[in-house]
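Inside the fold
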Amino acid sequence: MSTLTALAKAQAVAAGRAQKIATVRHAHLSDLPLVFIPLTMAGEANAPLAVMVGTDENAPELLIVPQPRDRGLRFQFAARLAEVLLPYAEGFCSATEAVPTDRKRDVRYRYLEAPQIIVPAPAGIGFVRLFGRSTRFRRTDGDYPVLPTVPLLGRWLTFFAERAEQPGSSMLLSLTELLSAHWATGQSGHEDAHLGSLVNWIAPPPGMTGAQAARLAEDPDVCPPAGPATDPGFDNDVLGPAMDIYRAAAESGDPEAERAAYQELEDLLHGQLAPTWELMWRGLRVMRAMPPGASVEARWAQDRDVFSDFSLYVQGGGAPQARRDGAVAAATRLHKLERAGQSYAIERAFDDPLIMAEHRLGGEAIVGEVTLAAPDRVDDTGKRPVLRPRIQVVTTDPVLFPEGTTLVSPSKPQQKARVIFVTPVEDGDKTEVVLELNGGMGRGLRAPAGSVPEVGERITYTSLSLGYAPPGTFPSREETPWTHGGPPQYSIADDPLDQGDHAATEDWS
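Here's a quick rundown of the structure. (Residues numbered from 1 in each chain as written. Predicted model: local features only at pLDDT ≥ 70, side-chain atom pairs only at ≥ 80, totals over all residues. Heavy atoms only, no water.)

Some thoughts on the pattern of salt bridges
- Overall, the coordinates contain 20 salt bridges when judged by the stated rule.
- Among the ionic pairs, aspartate 305 bridges to arginine 110, the shortest N-O distance being 3.2 Å. Placement of the pair is aspartate 305 in helix 11 (residues 296-315) and arginine 110 in strand 6 (residues 106-111), with a sequence separation of 195 residues. Like aspartate 305, the residue arginine 110 is buried in the burial classification.
- Among the ionic pairs, glutamate 436 bridges to arginine 390, the shortest N-O distance being 3.0 Å. In this pair, glutamate 436 sits in strand 16 (residues 431-438) while arginine 390 sits in strand 13 (residues 390-395), placing the two residues 46 residues apart along the sequence.
- Take glutamate 436: its relative accessible area is 8%, and that puts it in the buried class.
- Accessibility expressed as a relative area gives 24% for arginine 390, which makes it partly exposed.
- Here the salt bridges share partners, and the residues they tie into one network are Glu97, Arg108, Arg110, Glu297, Arg304 and Asp305. (Salt bridge = Lys/Arg side-chain N within 4 Å of Asp/Glu carboxyl O. Helix = DSSP H or I, 4+ residues; strand = E, 2+ residues; numbered from the N terminus. Buried < 20%, exposed > 50% of the residue type's maximum accessible area, 1.4 Å probe, protein only.)

Written out as structure tokens, the structure reads:
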């Protein structure tokens, strides 16, 4: 936990309400998100019990599995879920826009919008990943066939789960993680994983403090767990007997009794999921009240790019995702995720002064006032004169940058500033920093208006940079050692010591 977050948590306890740790929203929120609340059977790995899903707060759709251990009922549930999710995803595969490529010498096309799934907590993302894996390889012929929509559903669920691993992606979001990234509550991180408690700290009902509302939300009778796990008391006292009644009714062959038992199960599970459904939309309204950060739209454009490519791949009959990556593919993917994580952290800091404040405490950024400026300074020591303005920034932040360090300002990301002098002010806690500017001022010897910070302007400079870095290089599969899945592969026929039929002469005694 960072220093500022710890301070915000202390302030939340004192104020009785969650405190903001971000000034802008760092994720895209779709105009038509699909809220997805899974529930699984306790003691069974990825055995779906129910899902409440939909894009309309007033019209949720409930899908249940009356006997999660029944293989046939599981895949009937998957087929019904496909009837909801596939039309939702494919509904965005219509209108496109042209995107310039190759330095505007060519264009490519992507969809104007993309689907977005919101689950209550990270465990919901785990359910999506596991259920996608269990369905995307199902056969539509032979023994135990399933409908063609079931493996297609699995491929889409796997796609969403993989995008959730991408830092900054907004295609599959956990609401508790999203809220916790923007607010600090007066409770532990473990308690923040409870959606009802977290939402009530942020937006408590009238007349109640966040702590009081959170304590009330922790009562499983008032706010059942947000899934996918169920409450043990509910399992033992309510769900188990109702499932036994349904099993007996199904075995009796009485359709009326079976329908009545099914309806009872459906009502029970609806009662478990309905409070979470209401909390999900409350949380989304809280998030929508925050303005989006400047870099959010660019990251959502990347999501739309990936969605467009995957949609075309699926429409072209592409194979399902592999069960596991090879060594080179895994290393490449990890490298991309690490780079994306670094870029996402820097973009958040550039967008949000509260997050940049963390870097100021760590000596990676300063904020100060411009006291002197030479906007038309020209450096003529080289082969030709070049424009190199200088400014002096006075700051109260600790300045840990050595002379020669290259900095950048979030307000002028295309302009670099090299540290020339760092001079502590006597009898004070201030420091004078002289910076030489380069870039973002055209090609002439006079700086355009507004391109150089003016005297009196308050400005941020940081050593964080979003500049281009070449991607890592990895060997081809043919060059990968056999210990990591690549050739060479041993063959008995190539063994110069082999003197005959190996199978006939091998002594296994």
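Notes on the side chain of threonine 176
- Along the chain, threonine 176 turns up in helix 5 (residues 175-180).
- Polar contacts involving the side chain of threonine 176 include one to the side chain of serine 174, which spans 3.2 Å. (Polar contact = N/O pair within 3.5 Å; in protein donor to acceptor, adjacent residues only side chain to side chain.)

Section: the sheet that holds strand 7 (residues 117-119)
- In space, the 5 strands of this open sheet follow the order 4-3-2-7-8, with mixed pairing throughout. Taken across any chain shown, the strands that pair with only one partner, and hence form the sheet edges, are strand 4 (61-64) and strand 8 (172-174). This sheet shows a mean twist of 25° between the axes of neighbouring strands, independent of strand direction.
- Inspection of the sheet shows strand 2 (residues 34-40) paired to strand 3 (residues 48-54) by 6 bridges, in the antiparallel sense. (Pairing = 2+ DSSP bridges. Axes fitted to C-alpha atoms, helices over the stretch in contact; angles between N-to-C directions.)

A short note on helix 1 (residues 3-15)
- Here helix 1 contains 13 residues, and its C-alpha end-to-end distance of 18 Å stays within 8% of the 18 Å for a straight helix at 1.5 Å per residue.
- Along helix 1, the residues that are buried comprise Thr5, Ala8, Lys9 and Ala12. Axial view of helix 1: buried residues confined to an arc of 105°, hence all on one face. Exposed side of helix 1, more than 90 degrees from the buried face: Thr3, Val13 and Ala14 are the residues found there.
- Of the residues one or two after helix 1, glycine 16 is the one with positive phi, at around 75°. (Expected span 1.5 Å × (residues − 1). Arc of directions from axis to C-beta.)

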